[in-house]
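Topology and contacts: notes
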Amino acid sequence: MTAGNAADPTRELKFRDPGRARALVQALGRITTDIGRPVSVMHVCGSHEQAIAKYGLRSTFPRTLNVIMGPGCPVCITDTPEVDEGVALARQGVHIATYGDMLRVPGTVMSLADAQTDGAKIHVIYSTDQVVHLARTLQEPLVFFATGFETTAVATAAVVLRGVPDNLSILSAHKYIPPVMEIVAEMPDTKVEGFLAAGHAATITGWGVFEAFVERHRRPVVVAGFEPLDILAGLVRLLELIRDDSPQVANTFPRCVTREGNRRAQDQLWRVFRPVGGRWRGIAHVPNGNLRLRDEWQHLDARRRFAIDLAALWDYAPSGLAQACICGDIMAGLSSPGDCQLFGKECTPEKPVGACMVSSEGTCKIWHQYGGIPDVGALP
Amino acid sequence: MCLGVPGKVIEIHGDIATVDFWGVRREVRLDIVDEPVAPGDYILNHVGFAIRRIPEADIGETLALYEQLIAEAAQDDLMASDVRDEIAGTRERADDRR
């Protein structure tokens, strides 16, 4: 795809091949030398950060390359008022089903786990099918607090289209990734010159969804897989495109991602959801970044079916520590966990203050598990 | 939450496939996958749904990543835990439920 680049490194990858890894790391070194200045790129995927941290990839990066995790953790960017809605419903006695990572995400005054300790009926599920099954078993009102990006929203859409029991409602906090990349690209302080897009979200949307973004913002986007060598190969391609001032979309994960994506999944997604503007925790108002149920599904919409009593939460004082949390800057790629005075001290996976320390895909939790501050290539 | 996990399709009844994940047989829904799936194919499962049929040429590479993750990983490893959660998102087979 890039002029003058005859060999596509991803075509001949042999995974876990140290020789290939060395060659890719050397290529990263050559290209950053060509570029001749510090360069920052952003990925938007918790699984990418897990692989980067777990396999110590940052220690292999050239010192002038800064790879930042952006708003790629679906649990973390679920906004406080959305958690508050779930908590308020739970405290009103409604059964709540949600993915396990959501339980300890802080709301304004408490998390779902706190509500559970107080006696609220919270159920952890791993799939939307389990939600439907649970609703049939309970035969009492059940609200599915539905979180996650398009990959997970499709699973919610599929069960809605198949028909759900009358006692099941949906509180959608689903988010759609492409619009938030626009927000990051437009941030005045941003140093991000290119994006690594998440392979499996692109499995659904297709890589074509990024073409308009590249056209508008003149920054390249490369779709990459999760294997350490996939990530290195994706970074090599991304840096080539930056060096050559050739903003375009490249796909280094062809075994899972096509240009048009999964049309059947997209069809189901947009039959059930419509994009609306809304806040992402710590980031900003993201136009078209939130997925809400379309009007024809309003009979399933928890926000219409229940009077959600948020005011009942205001009797509790918010945590003072939360004021010092910098999750928002971390998710916008402006700060690292190491910049936070709470990281590893007041804020740990056992006792998280901010959302980034809760989820297995949160930057802080990933850095905490896989070793402190691995970003030896960080820019001053 | 977005990692997904690959498995081998053993049999199909309507929109439901029995899929083998390293010896664990579970049910996965086929409502979302956009290509015909047949027994013997590998699919990528995410929260209980097949989201993609993995092309035959790529199966070895795809499985290798996960096998390494599962083999090496301590119980509290974040990636391994996400893979286990993905398998937990599938359903027990009807036969096993009885």
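Residues numbered from 1 in each chain as written. Chains lettered and ligands numbered in written order. Predicted model: local features only at pLDDT ≥ 70, side-chain atom pairs only at ≥ 80, totals over all residues.

1. Observations concerning the overall build of chain B
Looking only at helices and strands, chain B has three helices and six strands in total. Taken from N to C terminus, the helices and strands of chain B fall in the order β-β-β-β-β-α-α-β-α. Contacts in chain B between residues far apart in sequence, at least 24 positions, make up 46% of those at least 6 positions apart. (Helix = DSSP H or I, 4+ residues; strand = E, 2+ residues; numbered from the N terminus. Contact = placed C-beta atoms within 7 Å.)

2. Here we look at the confidence of the model for chain A
Parts of the prediction with low pLDDT should not have their coordinates interpreted in detail. In this model, chain A carries an average pLDDT of 88, and 92% of its residues clear a pLDDT of 70 or more. Counted against residues more than four places away or in other chains, residues 1-15 of chain A, with its pLDDT under 50, gives 22 contacts. (pLDDT = per-residue confidence, 0-100.)

3. Details of the interface of chain B and chain A
At the junction of the two partners, chain B supplies 32 residues and chain A supplies 41 residues. Sorting the residues of the side of chain B that touches chain A by element identifies β4 (42-46), β5 (49-54), α1 (59-72) and α2 (78-88) of chain B as the ones contributing at least two each. By residue number, the principal contributor to the side of chain B that touches chain A is α2 of chain B, which donates six residues. Tallied by class, the residues present in the side of chain B that touches chain A amount to 15 nonpolar, eight polar and nine charged. (Nonpolar A, V, L, I, M, F, W, Y, C, P; charged D, E, K, R; others polar.)

4. Some remarks on the nonpolar core
All names here are of chain A. In this structure, Phe144 and Ala197 are the most contacted members of the largest nonpolar core, which totals 147 residues. The element best represented in this core is helix α10 (residues 228-243), accounting for 10 residues. Once residues lying within four places of it in the same chain are set aside, the contact partners of phenylalanine 144 are Ala97, Val131, Leu168, Ile170 and Leu171. (Core = buried A, V, L, I, M, F, W, Y, C linked by C-beta atoms within 7 Å. Buried ≥ 20, exposed ≤ 12 C-beta atoms within 10 Å, placed from the backbone.)

5. Topic: the packing of helix α6 (residues 150-162) of chain A against helix α11 (residues 263-272) of chain A
Residue and element names in this part refer to chain A. Here α6 crosses α11 at 70°, and the two axes come no closer than 8 Å. For the element pair α6 / α11, the angle class is roughly perpendicular. Contacts from Glu150, Ala153, Val154, Ala157, Ala158, Val160 and Leu161 in α6 reach Ala265, Gln268, Leu269, Arg271 and Val272 in α11. (Axes fitted to C-alpha atoms, helices over the stretch in contact; angles between N-to-C directions. Parallel < 35°, antiparallel > 145°, perpendicular 65-115°, else oblique.)

6. Side note on the sheet that holds strand β4 (residues 122-125) of chain A
All names here are of chain A. In space, the four strands of this open sheet follow the order β4-β3-β5-β6, with parallel pairing throughout. In this open sheet, the two edge strands, each paired with only one partner strand, are β4 and β6 (168-174). Pairwise comparison of adjacent strand axes, ignoring direction, gives a mean angle of 25° for this sheet. Summarising the sheet, strand β3 (residues 95-99) and strand β5 (residues 142-148) pair through three bridges and their orientation is parallel. Its bridge partner being in β5, alanine 97 is matched across the sheet by phenylalanine 144. (Pairing = 2+ DSSP bridges.)

7. So, the domain arrangement of chain A
The parts lose accessible area when they come together, and the size of an interface is often stated as this lost area. Residue and element names in this part refer to chain A. Under the domain assignment, chain A is made up of domain 1 (9-73 + 178-251), domain 2 (80-176 + 263-315) and domain 3 (325-330 + 337-369). Computed over C-alpha atoms only, the centres of domain 1 and domain 2 are separated by 32 Å. Tallying the contact residues gives nine residues for domain 1 and 14 residues for domain 2. Those elements giving two or more residues to the side of domain 1 that touches domain 2 turn out to be α7 (177-186) and α8 (199-205). Looking at the side of domain 1 that touches domain 2 residue by residue, the classes come out as seven nonpolar, two polar and no charged. (Domains from an automatic or database assignment.)

8. Here's the deal with unusual backbone geometry
Phi angles above zero are rare outside glycine, and glutamine 139 of chain A is one such case at about 60°. Among the secondary structure elements, glutamine 139 of chain A is positioned in the loop between α5 (128-138) and β5. At valine 47 of chain B, a residue that is not glycine, the phi angle is positive and equals roughly 35°. One can find valine 47 of chain B in the loop between β4 and β5. Looking at valine 47 of chain B, the number of C-beta atoms within 10 Å reads 28, which means it is buried.

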